[in-house]
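# Fold and contact review
Chain residues, written in single-letter form:
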Amino acid sequence: MKHRLISIFLIVLYFTAIKADNLKLWYRQPAKVWTEALPLGNSHLGAMVYGGVTNEEIQLNEGTIWGGGPYRNDSPKAFGVLDKVRGLIFSGHEKDAEKLMADNFFTGQHGMPFQTIGSLMLDFSEVGDYSDYRRELDLNKAIVSIRYKIGNVNYTRTLFTSFADNALVMRIEADKPGSVSFVARYNTPYKKYTIKKNKECLLLAGRGSDHEGIPGAIRFETRTRIKAESGKVTVKDGCIEVKNADAAIIYVTAATNFVNYKDVSANEARRAQELMTKALKRPYAQQMAAHEAAYQEYFNRVSLNIGSSSEEDTPYRIKHFKEGKDLGLVALMFQFGRYLLISSSQPGGQPAGLQGIWNKELLAPWDGKYTININTEMNYWPAEVTNLSEMHQPLFQMVKELSETAQGTARTLYNCRGWVVHHNTDIWRMAGPVDGASYVWPLGGAWLSQHLWQHYLYTGDREFLKSAYPALKGVADFFLDYLVPHPKYGWMVCAPSMSPEQGPPGTGTMITAGCTMDNQIVFDALSSVLKATEILYPQNSSYRDTLQNMIDRLPPMQIGKYNQLQEWLADVDDPHNDHRHVSHLYGLYPSNQISPYTDPLLFQAAKRSLLYRGDMATGWSIGWKINLWARLLDGNHAYKIIKNMLTLVEDRNQDGRTYPNLFDAHPPFQIDGNFGFTAGVAEMLLQSHDEALFLLPALPEDWSAGSVKGLVARGAFEVDMNWNDSELTSATITSRIGGNLRIRSYVPLAGKGLKKAEGTNPNMLMRHGAIKDPLIASGLKAQYPMLFRTYEYDIQTQPGEKYTVCRIK
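First things first, this report covers the structure right here in the doc. Because the structure is a prediction, the values reported are computed rather than measured.

## Notes on the overall build of the chain
- If you tally the helices and strands in the chain, you get 18 helices and 33 strands.
- For 809 residues, the compact-globule estimate of 2.2 N^0.38 gives 28 Å, and the chain sits close to it at 27 Å.
- In terms of overall dimensions, the chain has C-alpha extents of about 85 × 75 × 55 Å along its principal axes.
- In the chain, buried positions account for 64% of the 809 residues.
- Here the contacts in the chain between residues at least 6 apart in sequence split such that 70% fall between residues at least 24 apart.
- Split by element, the accessible area of the chain, about 28,800 Å² in all, is 49% carbon and sulfur.
- Computed over 85 positive and 84 negative side-chain charges, the inter-centroid distance for the chain is 3 Å.

Here is the structure:
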């Protein structure tokens, strides 16, 4: 025991000694393009900092600046052709069904775009060659700094988007008095805007764009104020001039008239002024301290150390990562994902979209909106497990609002109760189908709703579950009405639908009925409401019976002729299909329907399907595959996928999936890949979806020693772990709400109160999905997986208590 404690102490001491510099992105030159600029954000205000020496650009976003205004895109013609559409699908005329939907399911509105403010430009008077340049983003503090030297003068700029005061704050200073001189001005892509002086501020006012026939309803105002130490500040109608100052502090605030998806009655000018007044009240040093404290309340909850870090600049580290000498880059990328979520999804704000809160265009790729057939959901995969539960709140609010707006969509398109959203939505909470008839997929709201249920599983918060119940029940009610018997198989299926974003081979369309992902999501939607009803309203036995009856009529998962998990009702999967979407593996991750211990044949079939898809894909798909390989308990393969992600985007390299600023490349930039990466690393270290808290379930051989603190498991357990020689050495688990803790480990453990697990885990927050037995293709001898031996233990925990377990030598 003494030797084991010494070993643990040395491991902890080593990793504690790792410098804070390991959580800095840094560069030897200014950014030339947007994907080299450094992101700042507080969920309300976003900024991309280029760090130019002579000309600085700070590209700005405000979370509620979107094109268009309140609207609906529900076509009243859809329901009139629904039965005919279904008949065409069931009779093998899917292409004709697609044409009929194209003529009847759409209104011409396909979602409104998230839009930029423009940029604050700073033109500096200093000229000459510069040296000693360094530009960095400190993840520990959420602060960007730029340092350089011109002649014998050292210049420093420090920027942060204050979490305490809701403003962009920038300090510019030099070590020689009177050396700070510059002009601040705006640059914006809008055709109609106003730039003017307002007392000591420079204002930029504008309006969101008209889009697809919907007039722009958003009005915005951005204010800039500069306070100088010595020197002179002059505000003009087009710019602010600073001359011969020792230092200058720039304050930027922005606001809109947006109140909620149906109300744009606020006064944006008053809001922007109030924010500026608040920002100016605090001295700079206090303002920075308050910002850091507010940010670190979230960020400091989790630490990860898996190895040494290179001291080279960030682009070099990405480019050379596959050499295997810089494991610290994995920890940096992991924490960068947490940083991005904190910065783009604060309580009271909008959810993180396809690019988080950062976008330089009026018409971003895919409008920068919410794509909810994987991408928005992936944004929030790290929220609970990496101890950022509060960051989930904007998504919960959006689901609540969609459960209101999308009731009309369910009635108008399908004559169903409840609510339905298709594969996209936006700030106006539109819910109808977009992008064409082949994209009619009525499962988006159902998938989103499962984030509410997962939050309950992670927290055990009954009051939250009660508040979420109407939205959860609304999804279930929709499917109770929408599902239809398949004339060939007899199962209840979704029709029309698709398996994002492809269709069965040979049909010429994505439109189909009863694909595997649909069945898995519907199973979760109905099962979660069944469980929630049992918890909150056990007297409602009739409704529970209705739910269970429909669950019993859903199709089972099927293992096809190639030993693959079938994507379709028919066994028509193409083993050479390497499509970016792996939709039929939803049941493996993020759901918990496929277990190696209770469903080994399905588990192996899911692995076969993932092998068919290959290891290379778009950035976000790589993020999903990290999580899938972690769930398949193959840490080495998950790490192989991580290496594919950490490949630098550069000319003549089509496989680059990480930009120099660590943004994920679809390409172009989509933030979901960053969040998928962070969730995937956490999933490699800890799992809690399958009846137990599994410690180090998918640890790669290369991560032979390390530690992690602050991860969260279902059942409301917070977990700290240390490992050495690729095996767990100790874990300390804090029980937030009490209850039975079942631990699963590859090594035998000892600890106070620990006893061998027997029977079913009584903690229902850690239960896996109770699915039907799979159907197996005729003549196929289905394969079993090769699994390592595990040890399982129970501890009966008390709220607020800590429990430590150690490996038995």
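## Description of the pattern of salt bridges
- Per the counting criterion, the structure on display carries 36 salt bridges.
- Residue aspartate 210 is joined to arginine 207 by a salt bridge in which the shortest nitrogen-to-oxygen separation is 3.1 Å.
- In this structure arginine 207 comes out as partly exposed when scored by relative accessible area, which is 38%.
- The shortest N-O distance in the salt bridge between lysine 360 and glutamate 361 comes to 3.6 Å.
- For glutamate 361, a relative accessible area of 30% corresponds to the partly exposed category.
- Overlapping salt bridges, with partners in common, bring together Lys24, Arg134, Glu136 and Arg147 in one network.

## Comments concerning the layout of surface pockets
- The volume enclosed by the largest pocket comes to roughly 900 Å³.
- Lining the largest pocket we find 44 residues, and of these Pro347, Gly348, Gly349, Gln350 and Gln397 sit closest to its centre.
- Those elements giving two or more residues to the lining of the largest pocket turn out to be strand E16 (247–256), helix H4 (268–281), helix H10 (393–414) and helix H12 (462–482).
- Counting residues per element, the lining of the largest pocket draws most heavily on H10, which supplies ten residues.
- Roughly 770 Å³ of internal volume is contained in the second largest pocket.
- Around the second largest pocket, the lining comprises 37 residues; the ones closest to its centre are Trp453, Gln454, Leu457, Asp524 and Asn592.

## Considering the packing of aromatic side chains
- Counting across every chain of the model gives 36 aromatic pairs.
- One aromatic cluster in this structure is built from Trp34, Phe163, Tyr295, Phe299, Phe336, Tyr339, Trp358, Phe663 and Phe669.
- Over the ring of tyrosine 482 we find arginine 86; its NZ or CZ atom is 4.9 Å from the centre of that ring.
- Above the face of the tryptophan 26 ring, arginine 134 is positioned so that its terminal group lies 4.2 Å from the ring centre.

## Comments concerning helix H17 (residues 635–645)
- Taking burial as the measure, the eleven residues of H17 include eight buried ones, the bulk of the element.
- Where H17 is concerned, the buried positions are Gly635, His637, Ala638, Tyr639, Ile641, Ile642, Asn644 and Met645.
- Where the residues of H17 are buried, they touch helix H7 (328–344), helix H15 (600–613), helix H16 (619–631) and helix H18 (672–685).

## Structural notes on the pairing of strand E12 (residues 201–207)
- Of all seven residues in E12, five are buried; the element is thus mostly enclosed.
- Pairing of strand E11 (residues 193–198) with E12, which is carried by six bridges, proceeds in the antiparallel orientation. By the bridge assignment, threonine 194 is partnered in E12 with alanine 205.
- In this antiparallel pair of consecutive strands, E11 and E12, the connection spans two residues, and lysine 199 shows a positive phi of 55 degrees.

## Digging into empty space enclosed by the protein
- A full pass over the atoms with the stated rule returns three cavities of 30 Å³ or more.
- Of the voids in this model, the largest cavity is the one considered here, and its volume is about 120 Å³.
- Lining the largest cavity are Asn519, Gln520, Phe523, Ile551, Leu554, Pro555, Pro556, Met557, Gln593, Ile771 and Lys772.
- If one sorts the elements of the lining of the largest cavity by residue count, helix H13 (residues 516–536) sits on top with three residues.

## Examining the nonpolar core
- Counting residues in each nonpolar core, the largest one holds 252 residues, and the members touching the most others are Phe105, Phe182, Phe479, Ile642, Leu685 and Trp703.
- Residue contributions to this core peak at twelve residues, all from H12.
- Residues in contact with tryptophan 703, not counting those within four places in the same chain, are Ile306, Leu327, Val330, Tyr639, Ile642, Val681, Met684, Leu685 and Trp723.
- Counting twelve residues, the second-largest nonpolar core is a separate cluster that includes Ile143, Cys201, Tyr284 and Met288.

## Here we look at the packing of H10 against helix H11 (residues 444–459)
- Between H10 and H11, the shortest axis-to-axis distance is 9 Å and the interhelical angle comes to 130 degrees. On the basis of the axis angle, H10 is oblique to H11. Where H10 crosses over H11, the two elements pack in a sense that is left-handed. Mapping the contact onto sequence places Gln393, Leu395, Phe396, Met398, Val399 and Leu402 in H10 and Leu448, Ser449, His451, Leu452 and His455 in H11.
- Broken down by class, the residue content of the contact of H10 with H11 amounts to seven nonpolar, four polar and no charged.

## Overview of the sheet that holds strand E30 (residues 755–756)
- If you walk across this open sheet you meet the five strands as E23-E24-E28-E32-E30, and the pairing is mixed. Lying at the two open borders of the sheet, with one neighbouring strand each, are strand E23 (686–687) and E30.
- Judged from the seven bridges that link them, strand E28 (residues 739–745) and strand E32 (residues 791–797) form a sheet pairing that is antiparallel. Counted as the bridge partner of isoleucine 743 is tyrosine 793 from E32.

## Some thoughts on the side chain of serine 389
- By the element assignment, serine 389 lies in the loop between helix H9 (381–385) and H10.
- For serine 389, a relative accessible area of 18% puts it in the buried group.
- A distance of 3.0 Å separates the side chain of serine 389 from the side chain of glutamate 384, its partner in a polar contact.
- In this structure the side chain of serine 389 is engaged in a polar contact, spanning 3.2 Å, whose partner is the side chain of histidine 455.
- The residues contacting serine 389, other than those within four sequence positions of it, are Ala383, Glu384, His455 and Thr459.

## With respect to the sheet that holds strand E14 (residues 232–235)
- With antiparallel pairing, the seven strands of this open sheet are ordered in space as E2-E3-E4-E5-E10-E15-E14. Of all the strands in the sheet, the pair left with one neighbour each is strand E2 (38–41) and E14. Ignoring strand direction, the axes of neighbouring strands in this sheet form an average angle of 20 degrees.
- As paired strands, strand E4 (residues 55–62) and strand E5 (residues 118–124) are joined by six bridges and run antiparallel to one another. Opposite asparagine 55, over in E5, you have aspartate 123 as the bridge partner.

## Quick notes on the environment of methionine 510
- Tracing the sequence through the fold places methionine 510 in the loop between strand E21 (492–493) and H13.
- C-alpha separation for the pair methionine 510 and serine 499, spaced eleven residues apart in sequence, amounts to 7.2 Å.
- Residues contacting methionine 510, with those up to four places away along its chain left out, are Ser438, Tyr439, Ser497, Met498, Ser499, Glu501, Gln502, Gly503 and Pro504.

## Some details on helix H14 (residues 541–552)
- Taking 1.5 Å as the rise per residue, H14 with twelve residues should run 16 Å; its terminal C-alpha atoms sit 16 Å apart, in good agreement.
- Turning to H14, its buried residues number three or more, namely Tyr543, Leu547, Met550 and Ile551. For H14, the arc enclosing every buried residue in end-on projection is 105 degrees, short of the 170-degree limit, so these residues lie on one face. Along H14, the residues that are exposed and aim more than 90 degrees away from the buried face are Ser542 and Asp545.
- Each element contacted by the buried residues of H14 is listed here: H12, E21 and H13.

So, how was this worked out
Residues numbered from 1 in each chain as written. Predicted model: local features only at pLDDT ≥ 70, side-chain atom pairs only at ≥ 80, totals over all residues. Heavy atoms only, no water. Helix = DSSP H or I, 4+ residues; strand = E, 2+ residues; numbered from the N terminus. Rg over C-alpha atoms; globule rule 2.2 N^0.38 Å. Buried < 20%, exposed > 50% of the residue type's maximum accessible area, 1.4 Å probe, protein only. Contact = heavy atoms within 4.5 Å. Areas by Shrake-Rupley, 256 points an atom, 1.4 Å probe, with all protein chains shown as cover. Lys, Arg positive; Asp, Glu negative; His and termini not counted. Charge placed at Lys NZ, Arg CZ, Asp CG, Glu CD. Salt bridge = Lys/Arg side-chain N within 4 Å of Asp/Glu carboxyl O. 1 Å grid on protein atoms, 1.4 Å probe; cavity = no way out; pocket = protein on both sides within 12 Å on 5 of 7 lines; lining within 4 Å. Points joined across faces, edges and corners; volume = space filled by probe spheres on them. Phe/Tyr/Trp six-rings, centres within 6.5 Å; stacked < 30°, edge-to-face > 60°. Lys NZ or Arg CZ within 6 Å of the ring centre and 35° of its normal. Pairing = 2+ DSSP bridges. Core = buried A, V, L, I, M, F, W, Y, C linked by side-chain atoms within 4.5 Å. Axes fitted to C-alpha atoms, helices over the stretch in contact; angles between N-to-C directions. Parallel < 35°, antiparallel > 145°, perpendicular 65-115°, else oblique. Left-handed = near helix turned anticlockwise from the far one by under 90°. Nonpolar A, V, L, I, M, F, W, Y, C, P; charged D, E, K, R; others polar. Polar contact = N/O pair within 3.5 Å; in protein donor to acceptor, adjacent residues only side chain to side chain. Expected span 1.5 Å × (residues − 1). Arc of directions from axis to C-beta.

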